[in-house]
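A look at the structure
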Amino acid sequence: MEPSATPLDTTPDPAIVQPPGASAPVPPREQPQQQEQLRIGESGQFGEGLEDRGLLESSTRLKPHEAQSYRKKALWVSWVSIIVTLALAVAAFTVSVMRYSASSFGFAFDATLDVLSSAIVLWRYSNAAAVHSAHREYLACVILGVIFLLSSICIVIKAIHDLSKKVLPEVDDFLYSVSVLSGILCTVLAVIKFMLGKVLTSRALITDGFNSLVGGIMGFSILLSAEVFKHDSSVWFLDGSIGVLIGLTIFAYGIKLLIDMVPRVRQTRHYEMFE
């Protein structure tokens, strides 16, 4: 009796079809770029998951005692910033009135803003249990955004007024002293705030640091515009132009802050228990 023929539609066995000595097919490896995109996607989803639970990313990075240690450092830096910038604000307002300097007025207003922003950071970290609270963080940023907008409008109006009246700044040793001191101190405070804000993943601290950095730039800009005017009186508009530029920069940052943070405040409003 003849053996039954093999059906034609039967799938051949790969082990039989594969030629002898040939290696098994290797699955294609994922490209490094695809792996990187996958890691970024997973990280973004993880961050969104934390926000959904009303927590900041620092809650997964820091141990409880580390978080409290950095919180206390943030409080100390905020207190030092309030004392230093309040003194600088009084000095800068004095220079602005006595020497008709638009950039001095801009710096004085920015120093006052720095006092308010540091006070908001104090409120942000006043509650030890809310060190990782996303709702408290975003609410502090919204308040900072509103203050930025109001302050920038005042700075720009004052600078434009001085430009339209062609107010010429006067130069003396007092102006130099305030400019150098404010530039150095505000820059140092800005660096410290940026470092703490990065560790605590705090947008409020980073915003406070940005404001201090602006104060440092304005302090040096007062010195620059005064020195240029001293050697060339035809560049009288430099002081007012710097004031306008700084005011617009603060305004743009305030708008960006509100656009980013207002939706997040609404998203995390159910997590006020952390406060």
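Since we're looking at a predicted model, the values are computed, not measured.

Let's shift gears to the environment of Arg136. Summarising the element assignment, Arg136 is placed in helix α6 (residues 134-164). The exposure class of Arg136 is buried, given its relative accessible area of 5%. A C-alpha to C-alpha distance of 6.4 Å links Arg136 and Arg124, two positions 12 residues apart in sequence.

Unlike most non-glycine residues, Thr201 shows phi in positive territory, near 45°. Checked against the element boundaries, Thr201 lands in the loop between α7 (173-199) and α8 (203-231).

Attention shifts here to a nonpolar patch on the surface. On the surface, Ile153, Ile157, Phe251, Ile255 and Ile259 cluster together into a nonpolar patch covering about 450 Å² of accessible area. Put simply, the parts of the chain that give the nonpolar patch at least two residues each are α6 and α9 (238-267). The leading source of residues in the nonpolar patch is α9, at three residues. Summarising the element assignment, Ile153 is placed in helix α6.

With respect to the secondary-structure elements, Tyr125 resides in the loop between α5 (102-124) and α6. With relative accessibility at 0%, the residue Tyr125 sits in the buried group. C-alpha of Tyr125 to C-alpha of Leu75: the two residues are 50 residues apart in sequence and 6.8 Å apart in space.

Chain-level pLDDT for the protein is 77 on average; 73% of the residues reach the 70-or-more range. Within the protein, the lowest mean pLDDT, 48, falls on helix α2 (residues 32-52), and the highest, 89, falls on α9. For the stretch residues 38-47, pLDDT sits under 50, and the model shows one contact to residues farther than four places along the chain or on other chains.

Moving on: the packing of α6 against α9. Between α6 and α9, whose axes approach to 7 Å, the crossing angle comes to 155°. The angle between α6 and α9 places the two elements in the roughly antiparallel class. Crossing of α6 over α9 shows left-handed handedness. Within the contact of α6 with α9, the residues separate by chemical class into 24 nonpolar, eight polar and one charged.

The rules behind these values
- Residues numbered from 1 in each chain as written.
- Predicted model: local features only at pLDDT ≥ 70, side-chain atom pairs only at ≥ 80, totals over all residues.
- Heavy atoms only, no water.
- Helix = DSSP H or I, 4+ residues; strand = E, 2+ residues; numbered from the N terminus.
- Buried < 20%, exposed > 50% of the residue type's maximum accessible area, 1.4 Å probe, protein only.
- Patch = residues over 30% accessible without salt bridge, like charges linked within 9 Å, V, L, I, M, F, W, Y side chains within 5 Å.
- Areas by Shrake-Rupley, 256 points an atom, 1.4 Å probe, with all protein chains shown as cover.
- Salt bridge = Lys/Arg side-chain N within 4 Å of Asp/Glu carboxyl O.
- pLDDT = per-residue confidence, 0-100.
- Contact = heavy atoms within 4.5 Å.
- Axes fitted to C-alpha atoms, helices over the stretch in contact; angles between N-to-C directions.
- Parallel < 35°, antiparallel > 145°, perpendicular 65-115°, else oblique.
- Left-handed = near helix turned anticlockwise from the far one by under 90°.
- Nonpolar A, V, L, I, M, F, W, Y, C, P; charged D, E, K, R; others polar.

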